[in-house]
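Each chain, letter by letter, is given below.
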Amino acid sequence: GEVCSPTLVSFMCCKFQRIDVSKQMSLPMDIRLPPEILKKLQMQSPEPCKPLSRMSRRASLSDIGFGKLETYVKLGKLGEGTYATVFKGRSKLTENLVALKEIRLEHEEGAPCTAIREVSLLKNLKHANIVTLHDIIHTDRCLTLVFEYLDSDLKQYLDNCRNIMSMSNVKVFMFQLLRGLAGELKLADFGLARAKSVPTKTYSNEVVTLWYRPPDVLLGSTEYSTPIDMWGVGCILYEMATGRPLFPGSTVKEELHLIFRLMGTPTEETCPGITANEEFRSYLFPQYRAQALINHVPRLDTEGIDLLTTLLLYDTRKRISAEASLRHAYFLSLGEDIHSIPDTASVFSLKDIQLQKDPGHRSSFDCFFPNSGRGKNRRQSVF
Amino acid sequence: NLNNRLIADHHEVIYDESCFIIQKNNEEEFLALNCLARQPQITAEARCKLVSWLIAVYKHFKLSFESCCLAVNIMDRFLVTTSVAADCFQLLGVTSLLIATKHVEVCSPRIKQLLSLCCNAFSKEQLCNLECLILLRLNFRLAAPTLAFFLDYLVSQELSWHRVGGKDDNFTD
């Protein structure tokens, strides 16, 4: 079967745009119903105070057009992945743009586990920084997930600004990512009580990117806990600030090698228990010394470097948590109010929080960098 | 160093605690009470037999207890929504197990292996069709809090309570 680590799931669910509030698998507020359907709906519920039964609710939703492919117009392909193709579309119900993710169900082993997890996890999550699932359509050979349409994800965003983001935008995005991971986003929300295990080896042919995996997982730890995500957050901070992935390894050994070369080969002091780790010993890595991160991320300020350093600690017990990092000095400049907005509200509901124009933005730099943009490797990025 | 460790331990407790609260709150939504009430052909005895068989199957594949519990929950919740013929009941059992493992495990058993455990009484197509039907009837709500989760949590609470010599007043039943 396919492998999809909880770490990746949580990152992929995170979105970074300005978005509005209705965060449920529910009827959009701006829905316009044809009068005959409205009438029908009213007739179907003789006792208006009594909630509709599951069956009749489903029937009424389908009368409106939910669960039907005809309700959505395909506008063009946005991308193609291992098990799904994503189209831009428009809902005839709301005239809103949507993203249609078509998942092919005809697989050797039935419905792909990645699809099953994606849907079941998204159904449990309600958060301004998590993409909203509006509808699920099942046709003969396909399952189509209807998501709210996002102008771009972070990868496209980075490509669009030629990988040169304004540092103030880096901070806002970083805060949103951490917000998504803190508070609401517990493993239990994912139904991942089981998630005490993280796939470390390649069990399938599917490419699972190693770039955001912490050394403890690469070295065989299967204990799932939030510090795993926090390492990845550090990698993303670096990537936003520099425009390059931090540790773009293609094998476990290469990934570890890249990490150790920059952060220093772990010792009993920096990573308790490491000298007893059989896998670590078998690799026989040279003794690298940790390099100063400031030389590699010159655009990041002192507080940013400090946050990055605490995100990239080997010792999972010392690695900073999502909750603690929201309170890190790096975010002080965003003001105090940002800590009191409700989960379902966007950070942009505060008038002080605004995105700046990115220095590398396509429109202003087109003539200077006609051929820059993504290298072949960028495809693996979580963005 | 010791201080850091204590802080980390404390964080873990808060974390486990909030997972428990979330799961406890979700529990009600995923209960399948009286799942046999409207089943013309499935008896409590048959369900009991199938669950015993599923326990043997999950052990055979060395799956987690979580998968096994989730499989039974998926099966029961499906039974609430749909009448199942007695001769399809075993297919429902393995298909529920397959869905549970896809949700929980790193690696699921192959469909072929599952079918052969049913003495090839069913075809792959039948299984795949039922898989889709279950997913749709359950509306993809698969992240059920399970017996395995609650047991795990309560046992770890009990253990940590013993470790600190019974001074932990966070422990609630």
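Scoring rules and cut-offs
- Residues numbered from 1 in each chain as written.
- Chains lettered and ligands numbered in written order.
- Predicted model: local features only at pLDDT ≥ 70, side-chain atom pairs only at ≥ 80, totals over all residues.
- Heavy atoms only, no water.
- Pairing = 2+ DSSP bridges.
- Helix = DSSP H or I, 4+ residues; strand = E, 2+ residues; numbered from the N terminus.
- Buried < 20%, exposed > 50% of the residue type's maximum accessible area, 1.4 Å probe, protein only.
- Contact = heavy atoms within 4.5 Å.
- UniProt positions renumbered as here; feature names shortened; annotations may be inferred.
- Patch = residues over 30% accessible without salt bridge, like charges linked within 9 Å, V, L, I, M, F, W, Y side chains within 5 Å.
- Areas by Shrake-Rupley, 256 points an atom, 1.4 Å probe, with all protein chains shown as cover.
- Salt bridge = Lys/Arg side-chain N within 4 Å of Asp/Glu carboxyl O.
- Phe/Tyr/Trp six-rings, centres within 6.5 Å; stacked < 30°, edge-to-face > 60°.
- Lys NZ or Arg CZ within 6 Å of the ring centre and 35° of its normal.
- Polar contact = N/O pair within 3.5 Å; in protein donor to acceptor, adjacent residues only side chain to side chain.

Things to note about the pairing of strand S2 (residues 84-91) of chain A
Residue and element names in this part refer to chain A.
- Of the strand pairs in this sheet, strand S1 (residues 72-80) and S2 are connected by seven bridges, and their pairing is antiparallel. From the neighbouring strand, Lys74 faces S2, where its bridge partner is Gly89.
- Connecting S2 to the antiparallel partner strand S3 (residues 97-104) that follows it, the hairpin turn spans five residues, and Glu95 within it adopts a positive phi of roughly 65°.

Focus on the environment of Ile74 of chain B
Residue and element names in this part refer to chain B.
- Examined against the element boundaries, Ile74 turns out to sit in helix H3 (residues 65-81).
- Owing to a relative accessible area of 0%, Ile74 belongs among the buried residues under this scheme.
- Through-space distance from the C-alpha of Ile74 to that of Ala100 is 7.6 Å; in sequence the pair is 26 residues apart.
- Leaving out residues up to four positions away in the same chain, Ile74 has contacts with Ser96, Ile99, Ala100, Ile134, Leu138 and Leu142.

Comments concerning the UniProt feature "binding site: ATP" (unreviewed entry) in chain A
All names here are of chain A.
- When the UniProt feature table is mapped to this numbering, "binding site: ATP" (unreviewed entry) covers Lys101.
- Relative to the elements of secondary structure, Lys101 occurs in strand S3.
- In this structure Lys101 comes out as buried when scored by relative accessible area, which is 16%.
- Those residues in contact with Lys101 that lie beyond four places of it in its chain are Tyr83, Ala84, Thr85, Val86, Glu118, Leu143, Thr144, Leu145 and Phe147.

Topic: a nonpolar patch on the surface
Residues and elements named next belong to chain B.
- A contiguous nonpolar surface patch, about 460 Å² in accessible area, is contributed by Phe65, Leu147, Leu151, Val155 and Leu159.
- Ranked by the residues each element gives to the nonpolar patch, the list is headed by helix H7 (residues 147-163), at four residues.
- As for its placement among the helices and strands, Val155 is situated in helix H7.

Some words on the packing of aromatic side chains
- Enumeration according to the criterion identifies 13 aromatic pairs over all chains in this entry.
- Between the aromatic rings of Trp211 of chain A and Tyr212 of chain A, the centroid separation amounts to 6.4 Å while the plane-to-plane angle is 45°, which identifies the pairing as tilted.
- Here Tyr212 of chain A falls in the buried class, since its relative accessible area comes to 3%.
- These aromatic residues form a ring-pair network of at least three members: Trp231, Phe247, Phe260, Phe280, Tyr283, Phe285 and Tyr314 of chain A.
- A cation sits over an aromatic face here: Lys24 of chain B above Phe150 of chain B, 6.0 Å from the ring centre.

A word on the side chain of Glu102 of chain A
All names here are of chain A.
- Note that Glu102 resides in strand S3.
- A polar atom in the side chain of Glu102 sits 2.8 Å from the side chain of Lys74.
- Beyond its immediate sequence surroundings of up to four residues, Glu102 is in contact with Lys74, Tyr83, Ala84, Thr85, Phe87, Cys142, Leu143 and Thr144.

Remarks on unusual backbone geometry
Residues and elements named next belong to chain B.
- Backbone geometry places Asn34, a non-glycine residue, at a positive phi of 50°.
- Residue placement: Asn34 occurs in the loop between helix H1 (2-27) and helix H2 (44-60).
- Non-glycine residue Lys62 carries a positive phi angle of around 55°.
- Along the chain, Lys62 falls in the loop between H2 and H3.

Topic: the pattern of salt bridges
All names here are of chain B.
- Counting across every chain of the model gives nine salt bridges over all chains.
- Among the salt bridges present, the one from Glu27 reaches Lys24, with a minimum N-O distance of 2.9 Å. Of this pair, Glu27 and Lys24 both sit in helix H1, separated by three residues, roughly a single helical turn.
- In this structure Lys24 comes out as partly exposed when scored by relative accessible area, which is 43%.
- Where Glu29 meets Arg141, a salt bridge forms, and the shortest distance between an N and an O atom there is 2.3 Å. Placement of Glu29 in the loop between H1 and H2 and of Arg141 in the loop between helix H6 (124-137) and H7 is noted, with a sequence separation of 112 residues between them.

Quick look at the environment of Phe20 of chain B
Residues and elements named next belong to chain B.
- Its location among the elements puts Phe20 in helix H1.
- Through-space distance from the C-alpha of Phe20 to that of Phe150 is 7.6 Å; in sequence the pair is 130 residues apart.
- Ignoring sequence-local partners within four residues, the contact set of Phe20 consists of Phe149, Phe150 and Tyr153.

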